[in-house]
Amino acid sequence: MKMDKNTALKLMEEHNKKYFGCSLKEATKQQVYQTICYVVKELLIDKNMDFSKQENDNGDKHIYYMSMEFLVGTSLHNNLYNLQVEDAFKSALGGIGIDIEEIYEIEPDAGLGNGGLGRLASCYMDSFTSLGIPATGYSIRYEFGIFKQKIIDGWQMEFPDDWLNLGDVWLMARTDESVEVKFNGYVDEYTDENGYHAQLKDYNSVIAVPYDMFISGYDTKAVNKLVLWSAKSPKNLDMAAFSRGDYLKALEENNKAEVISKILYPADDHMEGKILRIRQQYFFVSASLQTIVGKHHKKYGTLDNLADKVSIHINDTHPALCVPELMRLLMDDYNYGWDDAWEITKKTLSYTNHTVMSEALEKWSENMFRDQLPRIYQIVAEINRRLMISLNEIYPGDFAKMDYMAVIANGQIRMANLCLACCHTINGVSKLHSEILKNSIFNDYYNIDNSRFTNVTNGIAYRRWLCQSNPELTALLSELIGDGFKKDSMELEKLLKYHDDKEVLAKLKQIKYNNKVKLSKYIASANGVNIDPNSIFDIQIKRLHEYKRQLLNVLQIMHMYRMIKENPKLDIPPRTFIFASKASAGYFMAKQIIRLIVALSNTINSDPVVRDKIKVVFIEDYKVSLAEKIIPAADISEQISIAGKEASGTGNMKLMINGAVTLGTLDGANVEISEQVGEDNIFLFGLKAHEVDELWRRGYSPTDYLRANAELQAVVDMLTSNVLGARFDDIAKSLLTNAYGVADAYMCFADFDSYCKAQERVSETYKDERKFMNMSLTNIAKAGIFSSDRAIGEYAENIWHCR
């Protein structure tokens with residue numbers, strides 16, 4: 001849309017007066033921030049109304065994207081950029097002495113996600129809109145998102161993230177569209193002349209209140225919505241209890257209801273946490289599907305054509321209850337028989353699996369599930385009964401296979417199998433991951449009907465991660481290849497014609513240096529550590545999990561530390577290792593690894609012999625807005641998970657498009673990055689997925705590697721010697737014994753030597769500036785394939801079959 005600075009200023013003055021009763025010059029920065037958000041939100045609402053009318057007139061198919069997580073991050077900069085009005089607002093504010101960059105810094109991250117899953121969902125919402133595809137995201141309006149992380153005496157401490165304090169400016173409550181969600185109770189079953197009926201009685205009711213967040217896209221007429229549900233009690237106050245002075249009892253029902261939308265991913269290492277999680281999942285699924293089905297029936301007067309006009313996508317197993325809930329609505333509320341309801345449900349639902357990690361393939365206690373969701377349990381049990389009859393015909397007498405494929409078995413409800421039993425399409429998120437699903441964990445379902453399985457490699461909202469986060473690089477790209485890449489990421493390949501162009505390589509080097517200076521200033525302020533922007537910025541930023549192997553990175557740094565201590569004149573380019581990561585609150589070993597990183601940082605950064613050659617920094621409270629500062633400054637992108645465990649990764653793509661060179665295993669989307677750039681433009685190491693499997697089959701013994709490698713033994717000894725100012729016996733035990741499960745479960749020892757050699761290649765290559773910058777240029781040029789626009793286009797064509 002077009003807007004000049006005078007129009008922008010007029011709109012801001014009007015809104016500031018309306019909401020705060022003063023002129024823009026008199027307003028506080030926080031008021032200015034809120035004023036701009038109100039203006040932009042109104043622009044988005046107007047566009048959404050026009051787009052919705054167009055969709056309605058055309059009879060377009062609508063996509064509903066169901067996800068427990070949407071890691072939105074900040075919205076102001078993204079919306080101004082997408083609407084193409086950033087320059088107008090920047091100029092208008094500059095005219096009255098306000099720096100828009102300072103306003104951007106005020107906005108809190110909407111941390112409604114834990115990591116890659118939630119960030120991917122937000123990238124996809126951007127691409128739905130940019131491509132003009134009618135879509136709605138559904139999730140929960142968590143009062144407190146992913147926690148604020150503080151490092152205190154080396155330990156991660158978690159604090160509430162009250163993002164709604166300023167973040168709610170983007171939300172629009174729709175209290176008139178609230179729906180009732182029912183828990184507990186019992187099922188009253190009866191038959192009359194119209195057939196079988198089931199009705200839930202004596203249930204506990206929770207009211208789901210929708211809040212709309214409007215999602216912009218780049219250079220498009222479309223605006224979509226992310227709908228976030230907030231939980232309320234139908235009874236705000238028990239007046240009888242209040243009158244007799246029992247004030248806590250008076251608020252008890254309200255508190256019980258509101259806890260559902262209180263916090264993202266409550267700890268589930270106790271029964272109360274498990275109950276809360278299943279209630280969260282059903283709450284948002286039921287509220288969403290009631291709304292979707294009700295809206296469709298109101299428009300068409302039938303649900304026979306639901307699958308023609310609606311696609312409901314299950315993003316990982318958390319929304320798997322879409323299967324029985326859609327069946328419940330069709331049968332109990334709209335009087336469909338089982339067979340017809342099942343056909344509609346199968347044709348409407350699709351499922352993305354995001355991981356092969358067992359903890360993400362959710363399983364719930366059958367007894368707990370039955371108690372919380374009695375009618376839903378009945379439907380799941382019937383799905384399972386019919387599935388077992390079908391499987392017994394396909395695999396007669398193979399009870400082990402049938403048990404593995406069952407939705408209910410051994411006292412557990414298996415959410416992934418619930419999706420596999422129903423959804424018309426199942427996809428993985430990288431070529432390797434999809435092959436693992438087909439050939440391993442979902443192989444039995446694949447063998448029955450392989451046409452249901454496909455791959456859609458993940459993608460990123462590259463305009464956010466390149467155009468907004470790295471304006472200098474974006475300006476250079478526009479100068480060299482034009483602006484076409486802002487609409488079509490594949491246009492980035494035009495940059496390849498500047499391969500080995502000394503002038504262009506020098507400009508790329510300077511831009512990288514400028515970004516490193518910015519990050520260095522942030523680290524100096526946040527961590528009190530001065531780092532050299534001329535050093536290699538070696539970056540690993542992602543959720544802390546053992547399979548992602550931050551520990552392998554640390555062991556290699558300890559090796560480098562030992563080498564420099566033994567030879568202070570070691571000829572290596574200076575290196576700054578930068579970590580940013582959050583560990584789940586109840587994940588003991590992940591927290592121990594953070595403590596180790598912090599201890600290693602303190603040891604190295606205070607050692608005059610070592611600190612000019614290597615430094616280690618752990619930046620606390622990792623989030624989207626922090627990633628936007630770190631990623632443009634990266635030289636090396638650490639993607640070092642054990643092969644076969646990372647489904648895809650998207651941080652690798654964000655770093656790649658900003659010119660970082662990947663150091664990684666052939667895992668997840670690293671495989672496809674390697675195919676794109678060629679092995680000369682990536683630093684590969686480690687076992688391949690099939691080699692990992694073969695090693696487990698032969699019998700992996702980490703102590704064999706320890707005995708064969710004296711340097712590895714010396715590094716491991718550091719963990720228990722107090723040389724780092726503390727002992728890390730638990731980490732050592734996890735590597736050497738079965739005290740915390742399988743010893744070295746993610747094969748850090750098996751890949752240690754290969755990883756160290758790869759790091760040596762990094763150092764040698766970086767000394768050759770021309771070679772390294774050509775690698776960087778190639779990574780930028782070949783990153784276009786990893787756009788979320790491409791991914792959503794593939795979903796639309798191959799899975800949802802929409803325009």
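Before any of the text, the structure's been laid out above.
Keep in mind that what you see is a predicted model, and the values were worked out from it rather than measured. (Residues numbered from 1 in each chain as written. Predicted model: local features only at pLDDT ≥ 70, side-chain atom pairs only at ≥ 80, totals over all residues. Heavy atoms only, no water.)

Description of the pattern of salt bridges
Logical step 1: Taken as a whole, this structure holds 45 salt bridges when the rule is applied.
Logical step 2: Taking the shortest distance from any N to any O, the salt bridge between Lys767 and Asp571 comes out at 3.3 Å. Remark: Asp571 occurs in the loop between helix H24 (550-566) and strand E21 (575-580) and Lys767 occurs in helix H33 (residues 748-767); sequence separation between them is 196 residues.
Logical step 3: We note a salt bridge from Glu764 to Lys767, for which the minimum N-O separation is 3.1 Å. Of the two residues, Glu764 and Lys767 both sit in helix H33, 3 residues apart, roughly one turn of that helix.
Logical step 4: For Lys767, a relative accessible area of 38% puts it in the partly exposed group.
Logical step 5: By sharing partners, the salt bridges in this structure join Asp339, Glu382, Arg385 and Arg386 into a single network. (Salt bridge = Lys/Arg side-chain N within 4 Å of Asp/Glu carboxyl O. Helix = DSSP H or I, 4+ residues; strand = E, 2+ residues; numbered from the N terminus. Buried < 20%, exposed > 50% of the residue type's maximum accessible area, 1.4 Å probe, protein only.)

A look at the state of the cysteines
Logical step 1: All chains considered together, the criterion is met by 0 disulfides.
Logical step 2: Left without a disulfide partner, Cys123 is nearest to the cysteine sulfur of Cys467, which lies 13 Å away.
Logical step 3: Residue class for Cys123 comes out buried when judged on its relative accessible area of 1%.
Logical step 4: Here Cys756 stays unpaired: no disulfide links it, and the sulfur of Cys748, its closest cysteine neighbor, is 11 Å away.
Logical step 5: Residue class for Cys756 comes out buried when judged on its relative accessible area of 6%. (Disulfide = S-S within 2.5 Å.)

Quick notes on the pairing of E21
Logical step 1: Burial runs high along E21: 6 of the 6 residues are buried.
Logical step 2: Side chains of E21 alternate between two faces, with Arg575, Phe577 and Phe579 and Thr576, Ile578 and Ala580 buried alike.
Logical step 3: Alignment of strand E20 (residues 536-541) against E21, held across 6 bridges, turns out to be parallel. Residue pairing across strands places Ile541 opposite Ala580, the latter belonging to E21. (Pairing = 2+ DSSP bridges.)

Concerning helix H3 (residues 76-83)
Logical step 1: Of all 8 residues in H3, 8 are buried, a share of seventy percent or more.
Logical step 2: Those residues of H3 that fall on the buried side of the exposure criterion are Leu76, His77, Asn78, Asn79, Leu80, Tyr81, Asn82 and Leu83.
Logical step 3: In this fold, the buried residues of H3 make contact with helix H2 (29-58), helix H4 (86-94), helix H5 (100-106), helix H6 (116-130), strand E11 (204-216) and helix H21 (462-468).
Logical step 4: Immediately downstream of H3, the backbone of Gln84 shows phi near 60 degrees, a positive value. (Contact = heavy atoms within 4.5 Å.)

So, unusual backbone geometry
Logical step 1: With a phi close to 55 degrees, Asn410 is a non-glycine residue in the positive phi region.
Logical step 2: Position of Asn410 among the secondary structure elements: in the loop between strand E16 (408-409) and strand E17 (412-414).
Logical step 3: At Asp621, a position not held by glycine, the phi torsion is positive, near 60 degrees.
Logical step 4: Take Asp621: it is sitting in the loop between strand E22 (614-618) and helix H26 (624-630).
Logical step 5: Judged by its relative accessible area of 13%, Asp621 is buried.

Comments concerning the side chain of Asp744
Logical step 1: Within the fold, Asp744 resides in the loop between helix H32 (729-736) and H33.
Logical step 2: Although buried, Asp744 forms no salt bridge, and the nearest oppositely charged side chain, Arg549, lies 6.7 Å from it.
Logical step 3: A distance of 2.8 Å separates a polar atom in the side chain of Asp744 from the backbone nitrogen of Cys748.
Logical step 4: Ignoring anything within four residues of it in the chain, the contact list for Asp744 reads Trp696, Tyr700, Pro702, Ser734, Leu735, Phe749 and Ala750. (Lys, Arg positive; Asp, Glu negative; His and termini not counted. Polar contact = N/O pair within 3.5 Å; in protein donor to acceptor, adjacent residues only side chain to side chain.)

A word on the packing of aromatic side chains
Logical step 1: One pass over the full model with this rule turns up 18 aromatic pairs.
Logical step 2: Aromatic pair Tyr19 and Tyr38: ring centres 4.0 Å apart, planes at 20 degrees, arrangement stacked. Here the residue Tyr19 occupies a position in helix H1 (residues 5-20), and Tyr38 occupies one in helix H2, the gap between them amounting to 19 residues.
Logical step 3: With a relative accessible area of 36%, Tyr19 lands in the partly exposed category. (Phe/Tyr/Trp six-rings, centres within 6.5 Å; stacked < 30°, edge-to-face > 60°.)

Re the environment of Gly664
Logical step 1: You can see Gly664 is positioned in strand E24 (residues 661-664).
Logical step 2: Judged by relative accessible area, which is 1%, Gly664 ranks as buried.
Logical step 3: Sequence-wise, Gly664 and Gly686 are 22 residues apart; in three dimensions their C-alpha atoms are separated by 8.1 Å.
Logical step 4: The residues contacting Gly664, other than those within four sequence positions of it, are Gln639, Ile640, Asn670, Phe683, Leu684 and Phe685.

Quick look at the side chain of Glu86
Logical step 1: Mapped onto the secondary structure, Glu86 falls in helix H4.
Logical step 2: In this structure Glu86 is buried but unpaired, with Lys90 as the nearest side chain of opposite charge at 5.9 Å.
Logical step 3: Here His77 takes part through its side chain, which lies 3.0 Å from a polar atom of the side chain of Glu86.
Logical step 4: Contact partners of Glu86, with chain neighbours within four places excluded, come to His77, Leu80, Tyr81 and Tyr104.

Section: the packing of H2 against H3
Logical step 1: For the pair H2 and H3, the least separation of the axes is 11 Å and the interaxial angle reads 45 degrees. The orientation of H2 relative to H3 falls into the category oblique. As H2 packs across H3, the resulting crossing turns out to be left-handed. Contacts between H2 and H3 involve Tyr33, Ile36, Cys37, Val40, Leu43, Leu44 and Lys47 on the former and, on the latter, Leu76, Asn79, Leu80 and Leu83. (Axes fitted to C-alpha atoms, helices over the stretch in contact; angles between N-to-C directions. Parallel < 35°, antiparallel > 145°, perpendicular 65-115°, else oblique. Left-handed = near helix turned anticlockwise from the far one by under 90°.)

Here's the deal with the sheet that holds E21
Logical step 1: Taken together, the 6 strands give an open sheet; going across it, the order is E22-E21-E20-E23-E24-E25, and neighbouring strands pair in parallel fashion. Each having just a single partner strand, E22 and strand E25 (683-684) make up the two edges of the open sheet.
Logical step 2: Of the strands in this sheet, E20, E21, E22 and strand E23 (636-639) are in contact with H24, which crosses E21 at around 155 degrees.

Quick word on the nonpolar core
As a rule of thumb, soluble globular proteins bury nonpolar side chains together.
Logical step 1: One finds Leu76, Phe89, Phe128, Phe283, Phe369, Phe442 and Trp800 to be the most contacted residues of the largest nonpolar core, which totals 282 residues.
Logical step 2: Apart from the residues lying within four places of it in its own chain, the contact partners of Phe89 are Met3, Ala8, Met12, Ile36, Val39, Leu80 and Ile100. (Core = buried A, V, L, I, M, F, W, Y, C linked by side-chain atoms within 4.5 Å.)

With respect to a nonpolar patch on the surface
Logical step 1: Together, Ile152, Trp155, Met157 and Phe159 line one region of the surface with nonpolar side chains, adding up to about 350 Å² of accessible area.
Logical step 2: With 3 residues, the top contributor of residues to the nonpolar patch is strand E6 (residues 155-159).
Logical step 3: Structurally, Trp155 is set in strand E6.
Logical step 4: For Trp155, a relative accessible area of 34% corresponds to the partly exposed category. (Patch = residues over 30% accessible without salt bridge, like charges linked within 9 Å, V, L, I, M, F, W, Y side chains within 5 Å. Areas by Shrake-Rupley, 256 points an atom, 1.4 Å probe, with all protein chains shown as cover.)

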